[in-house]
There are 2 protein chains.
Amino acid sequence: MSDTDAQAFIAPATAEMVLSAICFDANGLVPAIAQQHDTGEVLMLAWMNEDAVRETLSTGRVCYFSRSRNRLWRKGETSGQTQHLKDFRVDCDGDTVLLLVDQNGVACHTGRHNCFFRAPRDGVLAEIAAPVVSPEDLYRHG
Amino acid sequence: MSDTDAQAFIAPATAEMVLSAICFDANGLVPAIAQQHDTGEVLMLAWMNEDAVRETLSTGRVCYFSRSRNRLWRKGETSGQTQHLKDFRVDCDGDTVLLLVDQNGVACHTGRHNCFFRAPRDGVLAEIAAPVVSPEDLYRHG
């Protein structure tokens, strides 16, 4: 095993096995669900391309592919709200991955802990969680 | 409120508010994460179109859109492994939904309780969960 292998979160040869099990879509992307590893809270869904999967497995720090910015998106690169990989799961047919992570701070750009804060309540689509931190505070160093 | 409204799991007017908050993609679909409501287990990811969302909210029984069969897919229609809706969450930008469900039996067509049973272990992509029921038993009435 080379020095590079020894330092990788997941060894490169294993990462390639993971990659070969993933069926990327016509745009080269796969949906990735991020779940807090210890509480089970579903934090967010984002997308990964092959490079994002490879970087995430190599570094142990979650990297997505931003469809709006059309580039790799190292979660927390502007907000500081990083995600650290605990486990990486591939589903039965390889077209979704589940990331078990340790979320530093909040996952949602609105300052909420997770992105799924709207639900039907009392006849309307209500906000069922409040921001923990203001978006201004999240991105003032961005 | 009409009789139809009274019998709906989520009232039609509320369902329309939910629908208007969802940003369906170019194919008219949105990814839907199914999570077991009480344990937090992420069961699967599938896709919904507008009709699937409307039917799910109306009946309380989860209905997806099958991309391979190009039609509505009432989860469990052949296997009996139905999903009953407990809550329906829309994410911050409306491009993912999270279904809190009560899973009857197993979620995965392989007979496993959830679809995310492959993970890197000891240098390979390993199966970390075994089938609870055989696929033959799941689909013999299908």
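Notes on the structure in this doc start here. (Residues numbered from 1 in each chain as written. Chains lettered and ligands numbered in written order. Predicted model: local features only at pLDDT ≥ 70, side-chain atom pairs only at ≥ 80, totals over all residues. Heavy atoms only, no water.)

**Concerning the relation of the copies chain B and chain A**
Mapping chain B onto chain A leaves a residual RMSD of 0.0 Å; the transformation is a rotation of 180° accompanied by 0.0 Å of translation along its axis. As the rotation angle and translation indicate, the two copies are arranged about a two-fold axis. Every residue of chain B has its C-alpha some distance from the rotation axis, and the shortest such distance is that of Gly40 of chain B, at 2.5 Å. In this assembly the copies share their binding face: 100% of the residues contributing to the interface of chain B also contribute to that of chain A. (Least-squares fit on C-alpha atoms with pLDDT ≥ 70 in both. Contact = heavy atoms within 4.5 Å.)

**Section: the side chain of Thr82 of chain A**
Its place among the elements puts Thr82 of chain A in the loop between strand 4 (71–74) and strand 5 (83–90). Looking at Thr82 of chain A, its side chain comes within polar contact range of the side chain of His84 of chain A, at 3.1 Å. (Helix = DSSP H or I, 4+ residues; strand = E, 2+ residues; numbered from the N terminus. Polar contact = N/O pair within 3.5 Å; in protein donor to acceptor, adjacent residues only side chain to side chain.)

**Quick word on the side chain of Asn49 of chain B**
All names here are of chain B. The residue Asn49 is located in the loop between strand 2 (42–48) and helix 3 (50–59) in this model. For Asn49, the side chain forms a polar contact with the main-chain nitrogen of Ala52, separated by 2.8 Å. Among residues more than four places away in sequence, those in contact with Asn49 are Phe24, Gly28, Leu29, Phe65 and Leu72.

**Quick word on the environment of Leu98 of chain A**
With respect to the secondary-structure elements, Leu98 of chain A resides in strand 6 (residues 97–103). The exposure class assigned to Leu98 of chain A is buried, which follows from its relative accessible area of 3%. When the C-alpha positions of Leu98 of chain A and Ile33 of chain A are compared, they lie 4.8 Å apart, and in sequence the two are 65 residues distant. For Leu98 of chain A, the residues in contact, after removing those within four places along its chain, are Ile33, Gln35, Asp87, Phe88 and Arg89 of chain A together with Val42 and Phe116 of chain B. (Buried < 20%, exposed > 50% of the residue type's maximum accessible area, 1.4 Å probe, protein only.)

**Side note on helix 2 (residues 12–21) of chain A**
When we look at burial in helix 2 of chain A, the residues that qualify are Thr14, Ala15, Val18, Leu19 and Ala21 of chain A. Mapping the buried residues of helix 2 of chain A onto a view down its axis gives an arc of 160°, with all of them on the same face. Facing away from the buried side of helix 2 of chain A by over 90 degrees, the exposed positions are Ala13 and Ser20 of chain A. Where the residues of helix 2 of chain A are buried, they touch helix 3 (50–59) and strand 5 of chain A together with strand 7 (118–121) and strand 8 (124–127) of chain B. (Arc of directions from axis to C-beta.)

**Let's talk about the nonpolar core**
With 80 residues, the main nonpolar core has Met48, Phe88 and Leu99 of chain A together with Met48, Tyr64, Phe88 and Leu99 of chain B as its most contacted residues. Residues within four places of Leu99 of chain A in sequence aside, it is in contact with Ala32, Ile33, Ala34, Gln35, Met48, Val62, Tyr64, Leu85, Asp87 and Phe88 of chain A. (Core = buried A, V, L, I, M, F, W, Y, C linked by side-chain atoms within 4.5 Å.)

**Let's talk about the pairing of strand 4 of chain A**
Residue and element names in this part refer to chain A. The pairing of strand 3 (residues 63–66) with strand 4 spans four bridges and is classified as antiparallel. By the bridge assignment for strand 4, Ser66 is matched with Arg71. From the end of strand 3 to the start of strand 4, which pair antiparallel, there are four residues, and Asn70 there has a positive phi angle of about 55°. (Pairing = 2+ DSSP bridges.)

**Brief notes about the packing of helix 2 (residues 12–21) of chain B against helix 3 of chain B**
All names here are of chain B. Closest axis-to-axis distance for the helix 2/helix 3 pair is 10 Å, and the angle between their directions is 145°. Between helix 2 and helix 3 lies a crossing of right-handed hand. Contacts from Ala15, Glu16, Val18 and Leu19 of helix 2 reach helix 3 at Glu50, Val53, Arg54 and Leu57. Class assignment for the residues of the contact of helix 2 with helix 3 results in five nonpolar, no polar and three charged. (Axes fitted to C-alpha atoms, helices over the stretch in contact; angles between N-to-C directions. Left-handed = near helix turned anticlockwise from the far one by under 90°. Nonpolar A, V, L, I, M, F, W, Y, C, P; charged D, E, K, R; others polar.)

**A look at the environment of Asn27 of chain A**
All names here are of chain A. Here Asn27 lies in the loop between helix 2 and strand 1 (30–36). For Asn27, a relative accessible area of 65% gives the class exposed. Distance from Asn27 to Asn49, taken between C-alpha atoms, is 8.6 Å for residues 22 residues apart in sequence.

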